[in-house]
Each structure stands twice: as C-alpha cells, then as structure tokens.
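Structural features, examined
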Amino acid sequence: MSDETPVSETAPQAPVALTAAPGYQVRRLYQAYLAVWLREVDPVLTGPQFAVLQTVQAYPGRDQSSLASAVALDTSTMADVARRLERRQLITRRTAADDGRRKLLYLTEEGEKVLSEAEHRTRALDELLLEPFGSAGRETVLHMITSLADHWVGLASGS
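Reference entry: report on the structure contained in this document. (Residues numbered from 1 in each chain as written. Predicted model: local features only at pLDDT ≥ 70, side-chain atom pairs only at ≥ 80, totals over all residues. Heavy atoms only, no water.)

**Considerations on the overall build of the protein**
A tally of helices and strands in the protein yields seven helices and two strands. Written out in order from the N terminus, the α and β elements of the protein read α-α-α-α-α-β-β-α-α. Against the compact-globule benchmark of 15 Å for 159 residues, the protein has a radius of gyration of 21 Å, which places it well outside the compact range. Viewed in the frame of its principal axes, the protein has a C-alpha envelope of about 80 × 35 × 30 Å. Out of the 159 residues in the protein, the part that is buried amounts to 26%. Across the protein, the fraction of contacts at a sequence separation of at least 24, relative to all contacts at a separation of at least 6, is 52%. Surface accessibility of the protein: about 11,200 Å² in total, with carbon and sulfur atoms responsible for 57%. (Helix = DSSP H or I, 4+ residues; strand = E, 2+ residues; numbered from the N terminus. Rg over C-alpha atoms; globule rule 2.2 N^0.38 Å. Buried < 20%, exposed > 50% of the residue type's maximum accessible area, 1.4 Å probe, protein only. Contact = heavy atoms within 4.5 Å. Areas by Shrake-Rupley, 256 points an atom, 1.4 Å probe, with all protein chains shown as cover.)

Structure representation (structure tokens):
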C-alpha cells in the first residue's frame, strides 16, 4: 500500500481560504485586466502609460512628480514611464526654468494621435468589463471599486 495520495485527473482549484481573501481576488482581476488590455486596447501601450498620457493631456506642462501622484505611480516608476513615452515620441519632457530637477510634460502630436486611438478602444473595454452589471449597475460597481481602492490606499499610506 502506498502513502501517496492518488493524483486527480482534474485541475486543482484554489482553496476556499485563498478565494475568500480580497487581495487574491484583486490580483486575479488585475491579471485578467492586463490580458484583456493587451488584446483589446494595445499590446505596446500599457495601462500606466495610457494613464500618464491622459493626465498629461488634461494638465499639460505640469511637473512629472505631481502627475505621478495623480496616476497612482511612485516617482521612480513615473520617471521610467515618462522616459519610455519620450523615447516613443509621445511626450516631451522639458526642464522647468525655476528648478532644473523638475521635468514638465507635454503631449506630442504623435502622443495625441496614439491617445485618441487608445481612448476609443479603452472605452469599449470599459463597457466589456462591466457588461455583466448592465448600465444601472455599472455606476454602483465602479463606486464600490473606487471606495475599496481609496480605503486600501489609505491603509497603505498609514492614514
């Protein structure tokens, strides 16, 4: 007689202790979101890059550090994202006249074009992601997700 447990032919399922954890479910959502983003929106433009482009469009000439806060990126990640966008000629970074350490961000014509194209696909993705909730439930779901994110950000910052 063997001490080994028989191997089941079915794939293992996540244990209840794991599926009941909100962090696990958020990670699953994020992984699925990334996969769908790549397929539906853009395999080259990442979600954070899209967020930066949108925010630079809304606040042209603002400094990189304040924009980082607006898009929920730490300053080192924001610097990396901005460098990548600059290399792709989607933004320009100019040194602030009053402080050589501050970088002011502006969209280029190509950045405007890429952003416009991505915005249409992103809005369609938003519809697809929230489709199970219908138009009436979408606002409620988005409010709940936003409230949860706000709460978790507060916990992370020690507030």
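**Considerations on the environment of Ile 91**
Among the structural elements, Ile 91 can be located in strand S1 (residues 91-96). The class of Ile 91 is buried, set by a relative accessible area of 1%. Distance from Ile 91 to Leu 128, taken between C-alpha atoms, is 29 Å for residues 37 residues apart in sequence. Those residues in contact with Ile 91 that sit more than four places away from it in its chain are Leu 53, Ala 82, Leu 85, Glu 86, Leu 105, Tyr 106, Leu 107 and Thr 108.

**As for the nonpolar core**
Of all hydrophobic cores here, the largest spans 24 residues; its most connected members are Leu 45, Val 52, Leu 53, Met 78, Leu 85 and Ile 91. Not counting the four nearest positions on each side in its chain, Val 52 is found in contact with Val 71, Leu 73, Met 78, Val 81 and Leu 85. (Core = buried A, V, L, I, M, F, W, Y, C linked by side-chain atoms within 4.5 Å.)

**Observations concerning helix H3 (residues 47-58)**
Two residues of an α-helix separated by three or four positions point the same way, owing to the 3.6 residues in each turn. Look at H3: 17 Å from first C-alpha to last across 12 residues, which is about the 16 Å you get at 1.5 Å a residue. Taken together, the buried positions of H3 are occupied by Gln 49, Phe 50, Val 52, Leu 53, Thr 55 and Val 56. On its buried face, H3 is in contact with helix H2 (22-40), helix H4 (64-70), helix H5 (75-87), S1, strand S2 (99-107) and helix H6 (109-130). (Expected span 1.5 Å × (residues − 1).)

**Remarks on a nonpolar patch on the surface**
A grouping of Val 26, Leu 148, Trp 152 and Leu 155 is seen on the molecular surface, where their side chains present a nonpolar patch of about 330 Å² in accessible area. When residues of the nonpolar patch are assigned to their parent elements, the largest contribution, three residues, is made by helix H7 (residues 134-157). Residue position: Leu 155 is located in helix H7. By relative accessible area, which is 55% here, Leu 155 ends up exposed. (Patch = residues over 30% accessible without salt bridge, like charges linked within 9 Å, V, L, I, M, F, W, Y side chains within 5 Å. Salt bridge = Lys/Arg side-chain N within 4 Å of Asp/Glu carboxyl O.)

**Some points on the pattern of salt bridges**
Opposite charge on two side chains lets them pair, provided their charged atoms get close. In this structure the tally under the stated criterion is nine salt bridges. For Asp 42, the salt bridge goes to Arg 121, with nearest N and O atoms at 3.8 Å. You can see Asp 42 sitting in the loop between H2 and H3 and its partner Arg 121 sitting in helix H6, a full 79 residues away along the chain. Judged by its relative accessible area of 11%, Asp 42 is buried. Taking the relative accessible area as the measure of exposure, Arg 121 reaches 31% and is therefore partly exposed. The salt bridge involving Arg 102 is made with Asp 63; its shortest N-O contact spans 4.0 Å. Placement of Arg 102 in strand S2 and of Asp 63 in the loop between H3 and H4 is noted, with a sequence separation of 39 residues between them.

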